[in-house]
Amino acid sequence: GDCVLFDQTKALGLIKQHTITTLCNAAQQVAPRKDAQVSNTEDLFGLYYGKFRTCAPRIKLLMDQVEEKAAERPEYQLLLQDCQQCYFSQRLALLQPSLSQFMQQLVSTHGKDPAALMRAGGTFMVRL
């Protein structure tokens, strides 16, 4: 009864803690210093994706199991949402400054030629 529910709640809390800690650590390892300038945005995006891809196997099995149960169990749905929110917020914090800088570079380079701007932006999105 209550012991099983407590153990399940504790286990879900540990899964959430492990997932969030893993994602935050991955983001911290590749986060640029505030005063750092991005020299090659595409290389930087590769680094970000690579670091998250490296930590993915550590949490994939857990998230697969959570996803299976989320359709039927609200506590698993909440756990899944929390972990996804953490993932997206960490990625946004890493990518947004670099992406903004890259977009400004595109506009300054191709701003007067909309077709060139679209081609360059499309090429970048394919690589991203």
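Our structure is the block above this text.
Residues numbered from 1 in each chain as written. Predicted model: local features only at pLDDT ≥ 70, side-chain atom pairs only at ≥ 80, totals over all residues. Heavy atoms only, no water.

I keep staring at the packing of aromatic side chains and nothing clicks. Help me out?
The geometry of an aromatic ring pair is captured by the separation of the ring centres together with the interplanar angle, meaning the angle of the planes. Counting across every chain of the model gives 2 aromatic pairs. For the ring pair Tyr87 and Phe88, a centre distance of 5.2 Å and an interplane angle of 75 degrees mean the geometry is edge-to-face. Judged by relative accessible area, which is 30%, Tyr87 ranks as partly exposed. Owing to a relative accessible area of 54%, Phe88 belongs among the exposed residues under this scheme. (Phe/Tyr/Trp six-rings, centres within 6.5 Å; stacked < 30°, edge-to-face > 60°. Buried < 20%, exposed > 50% of the residue type's maximum accessible area, 1.4 Å probe, protein only.)

For this particular structure, what's the right way to read helix 4 (residues 114-127)?
An α-helix turns once per 3.6 residues; consequently, residues spaced three or four apart project the same way. For helix 4, built from 14 residues, the straight-helix expectation of 20 Å at 1.5 Å per residue is met to within 8% by its first-to-last C-alpha distance of 20 Å. Where helix 4 is concerned, the buried positions are Ala116, Gly121 and Phe124. Burial along helix 4 is one-sided: seen end-on, the buried residues are contained in an arc of 130 degrees. Exposed side chains of helix 4 directed beyond 90 degrees from the buried face belong to Pro114, Met118, Arg119, Met125 and Val126. (Helix = DSSP H or I, 4+ residues; strand = E, 2+ residues; numbered from the N terminus. Expected span 1.5 Å × (residues − 1). Arc of directions from axis to C-beta.)

When you look at the layout of surface pockets in this model, what are you seeing that I'm missing?
Over the atoms a probe the size of a water molecule is rolled, and this reveals where empty space is left. Of the pockets and cavities examined, the largest pocket occupies roughly 330 Å³. In terms of lining residues, the largest pocket is bounded by 16 residues, among which Leu23, Ala56, Ile59, Met63 and Tyr87 are the most central. Of all elements in the fold, only helix 1 (2-30), helix 2 (41-70) and helix 3 (74-110) reach the threshold of two or more residues within the lining of the largest pocket. It is helix 2 that contributes the most residues to the lining of the largest pocket, 9 residues altogether. (1 Å grid on protein atoms, 1.4 Å probe; cavity = no way out; pocket = protein on both sides within 12 Å on 5 of 7 lines; lining within 4 Å. Points joined across faces, edges and corners; volume = space filled by probe spheres on them.)

What exactly am I supposed to notice about the nonpolar core here?
One recurring pattern in soluble globular proteins is that nonpolar side chains are buried together. The biggest cluster of nonpolar side chains holds 11 residues, and these are Leu23, Ala26, Ala27, Val30, Tyr48, Phe52, Cys55, Ile59, Cys86, Leu94 and Leu95. Residue assignment for this core shows that the elements contributing at least two residues are helix 1, helix 2 and helix 3. Once residues within four sequence positions are removed from consideration, Ala26 is found in contact with Lys51 and Cys55. Judged by nonpolar contacts, the second largest core, of 9 residues, contains Ile15, Val66, Tyr76 and Leu79. (Core = buried A, V, L, I, M, F, W, Y, C linked by side-chain atoms within 4.5 Å. Contact = heavy atoms within 4.5 Å.)

How do you make sense of the pattern of salt bridges when you look at a structure like this?
Close approach of charged atoms lets side chains of opposite charge pair. For the structure on display, the rule yields 3 salt bridges. Across the salt bridge formed by Lys16 and Asp82, the nearest N and O atoms sit 2.9 Å from each other. Here Lys16 is found in helix 1, whereas its partner Asp82 is found in helix 3, with 66 residues between them in sequence. Note on Lys16: relative accessible area 31%, which makes it partly exposed. Asp64 is the partner of Lys60 in a salt bridge, and the nearest nitrogen-oxygen pair spans 3.0 Å. In this pair, Lys60 and Asp64 are both assigned in helix 2, 4 residues apart and thus about one turn of the helix distant. (Salt bridge = Lys/Arg side-chain N within 4 Å of Asp/Glu carboxyl O.)

Any functional reading would require information that these geometric values do not contain.
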